[in-house]
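Below are the chains, spelled out letter by letter.
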Amino acid sequence: MKRKRLLTMLAALGLGIVGALVPVVASEAAAACVTPYNNSAVYTGGMTASHNGRNWTAKWWTQYEAPSTGGSNVWQDNGACDGNSGGGGGGGGGSTCNYPSWVAGQYYAAGAIVRYTNGQYYQASHENPGYDPVISTWYWSPYSCGGGNTGGGFVVSEAQFNQMFPGRNSFYTYAGLTDAMRKFPAFATSGNDTVKRQEAAAFLANVGHETGGLVHIDETNQANWPHYCDYSQPYGCPAGQSAYHGRGPIQLSWNFNYYAAGNALGVDLLNNPNLVANNSSVSWQTGLWYWMTGTGAAGTTSHNAMVNGNGFGTTIKAINSIECNGAHPDQVQSRVNNYNRFAGILGVPTGGNLTC
């Protein structure tokens, strides 16, 4: 995110399950569920939480990463728990998530629910001969023991997110993204279902390009770090001249952008810019902040561009216009390639006006 495109910001049941379930005898009954997982709480090594009908123990410090056997591997699965046994309860219900493990090559009827190798549950949207739930997302949908979408209503499931970014840095968590979305309720919720998915695909395509596939947190060219301090601003650069380099999914840069983003988000990013690099939710919030409010050289926000049908190319112009008009066609094509792939994963057409 460069200064040229950001100065404007200062002015602005038939389950059909195949196979027999082994009955649980009394001596093997599930343990009571401990206190339910709290997404905003900080967990340190040894602390426990229940989630989706299972008990978990944190191996080290974590926040904004829901318990699972995937992600950063911070959580240890302690097995199924019973929310009705007098424990913490509320963690999704114990026996309601006692579904069989997925078996590759085994036929599944529509409605079948399985436990995948990552500890998450998936329901067959369409019958299939044992396709992988994480890869074949048209045939499977994430399933929550409490019902509903495991992404809190987000049109991109966690499985689809992982498919989009198979090599992502564990810092960029799905839970951090969905938590950040609470501050921007219009994101990927405006228009019909196709428009919602197109906007989500467009946002993730751009941030994927900015970060090398959600790999980089800090700007890789450290020689540029001292260049993002504009001393003409009355508040200066209290965190140091080199403190305002690109960070996070949108690569937030310059002291005035940290100042503006912090004011909008209610976080002191001017004095604490490293929050964008060590707090997943805050980091995602800065990306959504610019997506929803930044216009760059486009004259409209990226959000409005997708909702109003201006096309993906307009989002590039809003985020980094110096790539447009033939200046950096390879960079533009990289963003377009991401968008085409992500729209395909979400099962929607890309629409027109893909380049700038």
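Cut-offs used in this document
- Residues numbered from 1 in each chain as written.
- Predicted model: local features only at pLDDT ≥ 70, side-chain atom pairs only at ≥ 80, totals over all residues.
- Heavy atoms only, no water.
- Helix = DSSP H or I, 4+ residues; strand = E, 2+ residues; numbered from the N terminus.
- Areas by Shrake-Rupley, 256 points an atom, 1.4 Å probe, with all protein chains shown as cover.
- Disulfide = S-S within 2.5 Å.
- Buried < 20%, exposed > 50% of the residue type's maximum accessible area, 1.4 Å probe, protein only.
- Contact = heavy atoms within 4.5 Å.
- Axes fitted to C-alpha atoms, helices over the stretch in contact; angles between N-to-C directions.
- Left-handed = near helix turned anticlockwise from the far one by under 90°.
- Parallel < 35°, antiparallel > 145°, perpendicular 65-115°, else oblique.
- Phe/Tyr/Trp six-rings, centres within 6.5 Å; stacked < 30°, edge-to-face > 60°.

Colleague: What's the story with the overall build of the protein in this structure? I'm lost.
Modeller: Looking only at helices and strands, one finds 9 helices and 7 strands in the protein. For the protein, the exposed area adds up to about 14,800 Å²; of that, 51% sits on carbon and sulfur atoms.

Colleague: Please clarify how the state of the cysteines should be interpreted in this entry.
Modeller: Simply put, the disulfide is a covalent bond whose two ends are the sulfur atoms of two cysteines. Under the defined criterion, the tally for this structure stands at 2 disulfides. Two residues, Cys229 and Cys237, share a disulfide whose sulfurs are 1.9 Å apart. Here the disulfide of Cys229 and Cys237 is right-handed, its torsion about the S-S bond being about 110°. In terms of burial, Cys229 and Cys237 fall into one category: buried. What pairs with Cys324 in a disulfide is Cys356, and their sulfur atoms sit 2.0 Å apart. Linking Cys324 and Cys356, the disulfide has an S-S dihedral of approximately -90° and is accordingly described as left-handed. In this pair, Cys324 sits in the loop between helix H8 (312–320) and helix H9 (329–346) while Cys356 sits in the segment after H9, placing the two residues 32 residues apart along the sequence. On the basis of relative accessibility, which here comes to 4%, the residue Cys324 falls in the buried class.

Colleague: Could you clarify how one ought to interpret the environment of Arg197 in this entry?
Modeller: Checked against the element boundaries, Arg197 lands in helix H3 (residues 193–210). When near neighbours in sequence (up to four residues on either side) are disregarded, Arg197 contacts Val155, Leu346 and Val348.

Colleague: Can you walk me through the packing of H3 against helix H6 (residues 280–293) in this structure?
Modeller: The packing of two helices is summarised by the inter-axis angle and the distance between the axes. Axis separation between H3 and H6 bottoms out at 12 Å; the angle between their running directions is 115°. Both H3 and H6 take part in a crossing whose hand is right-handed. Here Glu199, Ala202, Phe203, Leu204, Asn206 and Val207 of H3 lie close against H6, whose contacting residues are Trp284, Gly287, Leu288, Trp291 and Met292.

Colleague: So what exactly am I meant to see when it comes to the packing of H3 against H9 here?
Modeller: Relative orientation of the contacting elements H3 and H9 amounts to 140°, with a least axis distance of 8 Å. On the basis of the axis angle, H3 is oblique to H9. Regarding H3 and H9, the two cross each other, and that crossing is right-handed. The residues of H9 that touch H3, namely those facing Arg197, Gln198, Ala200, Ala201, Ala202, Leu204, Ala205, Asn206, Gly208, His209 and Glu210, are Gln331, Ser334, Arg335, Asn338, Tyr339, Phe342, Ala343 and Leu346.

Colleague: Help me understand the packing of aromatic side chains in this model?
Modeller: Describing an aromatic ring pair means giving the distance of the ring centres and the angle of the ring planes. Tallied over the full model, the rule gives 18 aromatic pairs. Look at Phe165 and Phe342: their rings are 5.2 Å apart centre to centre, the planes differ by 70°, and that puts the pair in the edge-to-face class. Residue Phe165 is located in the loop between helix H1 (158–164) and helix H2 (174–180), and its partner Phe342 is located in helix H9; the two are separated by 177 residues in the primary sequence. In this structure, Phe165 and Phe342 share a single accessibility class: buried. Ring-pair connections join several aromatic residues into one group, and the members of that group are Phe154, Phe161, Phe165, Phe171, Tyr172, Tyr174, Phe187, Phe203, Trp284, Trp291 and Phe342.

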